[in-house]
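# Overview (structure and organization)
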Amino acid sequence: MYNFVQKGVPLFFMKVLLVNGSPHKNGSTYVALREVETALNNEGIETSIVWLGTEAISGCLACGYCSRNGKCVKNDIVNEFAQRAKNADGFVFGTPVHYAGASGAIVSFLDRLFYSSSSSLKHKPAAIITAARRGGTTAAFDQLIKYPAIAEMPIVSSHYWNMVHAAVPEDAKEDEEGMQCMRILGKNMAYFIKCIEAGKKAGIAAPAAEKRDVTNFIR
């Protein structure tokens, strides 16, 4: 069942991609993601944190190119990530809070990713985390949770809202409850990924896809 062992911990060939949607590469969002990452690593899951950077990420153009070609018309970090997503087993999307919402970068990123590459994400566990100095975390969380919620992705939770509070990165580490949420989230993510893998080995197939019905309410 296991592929190899390191330091007594059985490691699977399973991987989680964690997305840092903050313009600050090593800011509070990163600190929270690192706590999740450490918990995943301790459970034998390989990880990689993807920083969206500070370059502008174009929003969706609603051009329909992705539906015809299976990738976004803009050949940037979205298409690069979509390729990596094919071999990933789970995802954690993290954002700072800007005016009680998610960062513009991660919204543009997720809009285009889910439009163009939802087939690479389907049935893979996902989680959302948010970081703020004080308020707006639940609003930003609610905003982003809608992406995996309509893409047939099992949503992984913790024992409270997946958020940390900090004015600067160092403060995030002092948010003991927030850090605990991140650790439990990582453990839960590892658990679900292993359960899915065990199901595959037992011959349990993913649900058969149905042809999508699209209904318009204008008569």
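The shown structure was predicted, so the numbers you read here are calculated from the model rather than taken from an experiment.

## A closer look at helix H5 (residues 137–149)
Working note: α-helix, 3.6 residues per turn, so residues spaced by three or four point in the same direction. Taking 1.5 Å per residue as the helical rise, H5 with its 13 residues ought to reach 18 Å, and the 18 Å between its terminal C-alpha atoms agrees with that figure. Listed as buried for H5 are Thr137, Ala140, Phe141, Leu144, Ile145, Tyr147 and Pro148. Residues of H5 that are buried make contact with strand E5 (90–96), helix H4 (104–117), strand E6 (126–132) and strand E7 (163–165).

## Description of the confidence of the model for the protein
Put simply, the protein has an average pLDDT of 93, and 94% of its residues get 70 or more. Here residues 1–7 scores under 50 on pLDDT; set against residues more than four positions off or in separate chains, the count is 15 contacts.

## Points about H4
The end-to-end C-alpha distance of H4 is 20 Å, a good match for the 20 Å that 14 residues give at a rise of 1.5 Å each. Counting buried residues along H4, 10 of its 14 residues qualify, which places the element largely inside the surrounding structure. Looking at the buried positions of H4, the neighbouring elements they touch are strand E3 (15–20), helix H2 (65–69), helix H3 (77–85), E5 and H5.

Reading the values: the criteria
- Residues numbered from 1 in each chain as written.
- Predicted model: local features only at pLDDT ≥ 70, side-chain atom pairs only at ≥ 80, totals over all residues.
- Heavy atoms only, no water.
- Helix = DSSP H or I, 4+ residues; strand = E, 2+ residues; numbered from the N terminus.
- Expected span 1.5 Å × (residues − 1).
- Buried < 20%, exposed > 50% of the residue type's maximum accessible area, 1.4 Å probe, protein only.
- Contact = heavy atoms within 4.5 Å.
- pLDDT = per-residue confidence, 0-100.

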